[in-house]
Amino acid sequence: MDSPSAFQAALQAAFQSALGHLESLRDRPVAATVSLSELRAKLAKPLNDHGLAPEEVVRDLVDDTQGGLLGSAGGRFFAWAIGGSLPAALAADWLTAAWDQNAALFACAPSAAVVEEVTGAWLKDLLAIPASASFAFVSGCQMAHTTCLAAARHALLQERGWDVERNGLCGAPPIRVLASNRHGSIERTIRLLGIGEGNVCDLAVDDREQTTPAVLEAALASAPGAATIVVLQAGDLNSGSFDNYHALIPIARRHRAWVHVDGAFGLWAGASPRYRHLVEGVELADSWATDGHKWLNVPYDSGYAFVARPEAHRAAMSHRAPYLVHDQDARDQIDWNPEWSRRARGFATYAAIRQLGRIGVADLIDRCCEHARTLVEGIGHLDGAEVLWRSQINQGLVRFRDPRLGAGEEDHDRFTDAAIARVLEGGEAFFAGTNWHGRRAMRVSVLNWQTSPADVARAIAAF
Ligand SMILES: *Cc1c(COP(=O)(O)O)cnc(C)c1O
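The rules we used
Residues numbered from 1 in each chain as written. Predicted model: local features only at pLDDT ≥ 70, side-chain atom pairs only at ≥ 80, totals over all residues. Heavy atoms only, no water. Helix = DSSP H or I, 4+ residues; strand = E, 2+ residues; numbered from the N terminus. Rg over C-alpha atoms; globule rule 2.2 N^0.38 Å. Contact = heavy atoms within 4.5 Å. Areas by Shrake-Rupley, 256 points an atom, 1.4 Å probe, with all protein chains shown as cover. Pairing = 2+ DSSP bridges. Axes fitted to C-alpha atoms, helices over the stretch in contact; angles between N-to-C directions. Near = heavy atom within 4 Å. Polar contact = N/O pair within 3.5 Å; in protein donor to acceptor, adjacent residues only side chain to side chain. Nonpolar A, V, L, I, M, F, W, Y, C, P; charged D, E, K, R; others polar. Core = buried A, V, L, I, M, F, W, Y, C linked by side-chain atoms within 4.5 Å. Buried < 20%, exposed > 50% of the residue type's maximum accessible area, 1.4 Å probe, protein only. Expected span 1.5 Å × (residues − 1). Parallel < 35°, antiparallel > 145°, perpendicular 65-115°, else oblique. Left-handed = near helix turned anticlockwise from the far one by under 90°. Salt bridge = Lys/Arg side-chain N within 4 Å of Asp/Glu carboxyl O.

### Re the overall build of the protein chain
Here comes step 1: Tallying secondary structure elements over the protein chain gives 14 helices and eleven strands in all.
Here comes step 2: Rg of the C-alpha trace for the protein chain: 24 Å, near the compact-globule value of 23 Å for 463 residues, within the 12% margin.
Here comes step 3: Contacts in the protein chain between residues at least 24 apart in sequence constitute 71% of all its contacts with a sequence separation of at least 6.
Here comes step 4: With the model as given, the accessible surface of the protein chain reaches about 20,800 Å², and the carbon-plus-sulfur share is 56%.

In structure tokens form, the structure reads like this:
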């Protein structure tokens, strides 16, 4: 039998390497420095017949991944929508692995069940979601959409006399989805739920990137009585814009549609007194999806689903089997989550919220928005650059113009991508491009608790 100290050498090696990695982020290139073939050459070892010492495995892993780890845990990473990890959240995440609880039921992970119960209530409080909403800690916003819209599918079809859990979708009344600008995770959820991407209809947006009441009213009225899901945005992935919930949700309600809000990062505006006005009225929705691993700076594997109608949520997810043990009073995650065996992912969120407190969360939101504004204005006003979208929260868009005489939009597109690539090569900062109204643009997204004014200045200087 191994003694408990069988863990010692491997964990020690991991600890030292993790700390070294985190502390070197300030100085190391933020982009990868090795190629795909170099990574394959190092990592594609022959499958070993005999086992290795745990610490040797860890040391090899550290050595062989060098250069292929982006600096996304640090303060100079502004691509996509990527947060870092707060120290307490990261430590709790390590403990989650060490404790190795199966957080499917209270019976097999009592502390994990209670931590999720408590943290779910904290999240609703922070995000201005009604306290009566049910929730689930899922792997990310993608699965939060899937969980929420499974509840929507249940409720819409039940109202039409159809039991979707029992009968499936063959022969069911059709469901349509109305959505404006949206993240691709909405389409994937619609596919997974069997509703079919072809049933997603675009809602036009105005020049503020919002759906107008007239557009929504017309779309709903075009198929009266049809089972309809309306997807609204809290923080569009490019512009960070918010829909007008007070104007739109009552219209959807009159048409008996289900309103779902994609707030992967933007819902966190509700946690800041300075930005809360942007999500006013969002509490009227039927479901909300957001992430912990973006703006709250919890390590990956952290998304949250909230549903205003707990009975629909539970009906879509709950499962009973003769060998399971259910506690009368406790919250069993299997009633709300799409997974069976699962990581006790509530611990990291619990720790993140306790490390920051209510004021610290608000401060994190405000700081990231401030940095995004400085980056967008700072880069966007450099010679040859232009601001395409001023950041309202933590997102903005800039574009670079090809200085050659007679250069056209396509040249500016190429020049924009080239400018991003040059900065990545230099390793000073990491940005990514996007398509914006048919043109190439560079996204600026600030979501890391560590980003400092010095990081922002370095990133601007890199251009
Ligand atoms: C990131 C993102 C998602 C998907 O979230 P995951 O956590 O990656 O599953 C959905 N919507 C928006 C607006 C996003 O930014």
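### Here's the deal with the sheet that holds strand 2 (residues 175–179)
Here comes step 1: Across the sheet, which stays open at both edges, the seven strands sit in the order 1-7-6-5-4-2-3 with mixed pairing between neighbours. Looking at strand neighbours, the two that pair on one side only are strand 1 (134–138) and strand 3 (200–202), the edges of this open sheet. Strand after strand, the sheet turns through a mean of 20° between neighbouring axes, direction not considered.
Here comes step 2: With three bridges joining them, strand 5 (residues 258–262) and strand 6 (residues 287–291) adopt parallel strand pairing. Pairing of Asp-262 across the sheet is with Ala-289, part of strand 6.
Here comes step 3: Against the sheet, helix 5 (residues 110–127) engages strand 1, strand 6 and strand 7 (303–307), with an angle of about 110° to strand 1.
Here comes step 4: Each of strand 1, strand 2, strand 4 (227–233), strand 5, strand 6 and strand 7 touches helix 6 (residues 141–158); the most contacted strand, strand 5, lies at about 175° to it.

### What about the site of the ligand?
Here comes step 1: Near the ligand you find 13 residues, and of these Gln-142, Asp-262, Asp-291, His-293 and Lys-294 are the closest.
Here comes step 2: One nitrogen or oxygen atom from the main chain of Gln-142 is found 2.7 Å from an oxygen atom belonging to the ligand.
Here comes step 3: A distance of 2.8 Å separates an oxygen atom of the ligand from a polar atom in the side chain of His-293.
Here comes step 4: Within the shell around the ligand, the residues separate by chemical class into three nonpolar, seven polar and three charged.

### Description of the nonpolar core
Here comes step 1: Ranked by internal contacts, the top residues of the largest apolar core, which has 107 residues, are Ile-229, Trp-258, Trp-268, Trp-295, Leu-375 and Phe-431.
Here comes step 2: Counting residues per element, this core draws most heavily on helix 12 (residues 346–380), which supplies 13 residues.
Here comes step 3: Judged by nonpolar contacts, the second largest core, of eight residues, contains Ala-103, Ala-109, Val-115 and Ala-351.

### Considering helix 4 (residues 87–99)
Here comes step 1: Relative to the 18 Å expected for 13 residues at 1.5 Å per residue, helix 4 spans 18 Å between its end C-alpha atoms, a close match to the ideal helical length.
Here comes step 2: Here the buried face of helix 4 lies against helix 1 (8–24) and helix 12.

### Considerations on the side chain of Thr-146
Here comes step 1: Turning to its location among the elements, Thr-146 is positioned in helix 6.
Here comes step 2: Residue class for Thr-146 comes out buried when judged on its relative accessible area of 9%.
Here comes step 3: Among the polar contacts listed, one links the side chain of Thr-146 to the side chain of Thr-189, at a separation of 2.8 Å.
Here comes step 4: Residue contacts for Thr-146: discarding those within four places in its chain leaves Thr-189, Leu-192 and Leu-193.

### Considering the packing of helix 2 (residues 36–43) against helix 3 (residues 54–65)
Here comes step 1: Following both chains from N to C, one finds helix 2 and helix 3 inclined at 165°, their axes separated by 9 Å at the closest point. Considered as vectors, helix 2 and helix 3 are oriented roughly antiparallel to each other. Taken as a pair, helix 2 and helix 3 cross one another with a handedness that is right-handed. Residues Leu-39, Lys-42 and Leu-43 of helix 2 form the contact with helix 3, whose own contacting residues are Asp-63, Asp-64 and Thr-65.

### A closer look at the pattern of salt bridges
Here comes step 1: In the structure shown here, the tally under the stated rule is 34 salt bridges.
Here comes step 2: The shortest N-O distance in the salt bridge between Asp-93 and Arg-343 comes to 2.8 Å. Taken as a pair, Asp-93 in helix 4 and Arg-343 in the loop between helix 11 (310–317) and helix 12 lie far apart in primary sequence, 250 residues in all.
Here comes step 3: Relative accessible area serves as the criterion here: at 15%, Asp-93 is assigned to the buried category.
Here comes step 4: Across the salt bridge formed by Asp-413 and Arg-399, the nearest N and O atoms sit 2.6 Å from each other. Highlighted residues: Asp-413 in helix 13 (residues 409–426) and Arg-399 in strand 9 (residues 395–400), separated in sequence by 14 residues. The residues Asp-413 and Arg-399 share a single accessibility class, namely buried.

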